[in-house]
Amino acid sequence: EQQIDRVRVGWSKIIGYLIDWSATDPQGQPIALFGKTEDEIGSALDALPVEAFREILGAVETHEAETDKELAAAKNDQGTPSESVAI
């Protein structure tokens, strides 16, 4: 039986969504992500404290859930009247 590595799933999810951020290194310098490869972004994620990683993952998952709700609502509301129209 295979086990899912939830940390790596979260890591992949963050890489898929993250374009840039306001994170800084221990010296207070910005850690730029824009235009970086997946491996470079992964290295930046690996260098984060666990709490910071969890906070970013939580934000990504919240965004994902909200987007899913919006898509479901749009799919269910395709302009069809909810009541029958009298003929």
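Residues numbered from 1 in each chain as written. Predicted model: local features only at pLDDT ≥ 70, side-chain atom pairs only at ≥ 80, totals over all residues. Heavy atoms only, no water.

A word on the overall build of the protein. Along its length, the protein carries three helices and zero strands. Each helix and strand of the protein, ordered N terminal to C terminal, gives the series α-α-α. Long-range contacts, defined as pairs at least 24 residues apart, comprise 54% of the intrachain contacts of the protein with a sequence gap of at least 6. With the model as given, the accessible surface of the protein reaches about 7300 Å², and the carbon-plus-sulfur share is 52%. (Helix = DSSP H or I, 4+ residues; strand = E, 2+ residues; numbered from the N terminus. Contact = heavy atoms within 4.5 Å. Areas by Shrake-Rupley, 256 points an atom, 1.4 Å probe, with all protein chains shown as cover.)

Here the focus is the confidence of the model for the protein. Looking at the protein, the pLDDT average stands at 83 and 89% of residues meet or exceed 70. Per-element confidence in the protein ranges from a low mean pLDDT of 84 for helix α1 (residues 6-17) to a high of 90 for helix α3 (residues 50-76). (pLDDT = per-residue confidence, 0-100.)

Tracing the sequence through the fold places Y17 in helix α1. Look at Y17 and you get partly exposed, because its relative accessible area is 37%. With 47 residues separating them along the chain, Y17 and E64 place their C-alpha atoms 9.2 Å apart. Filtering out sequence-adjacent residues up to four positions away, Y17 remains in contact with V60, H63 and E64. (Buried < 20%, exposed > 50% of the residue type's maximum accessible area, 1.4 Å probe, protein only.)

We now examine the pattern of salt bridges. Opposite charge on two side chains permits pairing when their charged atoms draw close. Applying the stated rule across the entire model yields three salt bridges. The partner of K13 in a salt bridge is E61, with the nearest N and O atoms 3.5 Å apart. Within this pair, whereas K13 is found in helix α1, its partner E61 is found in helix α3, the two being separated by 48 residues in sequence. We note a salt bridge from K13 to E64, for which the minimum N-O separation is 3.1 Å. Here E64 lies in helix α3 and K13 lies in helix α1, a separation of 51 residues in the sequence. (Salt bridge = Lys/Arg side-chain N within 4 Å of Asp/Glu carboxyl O.)

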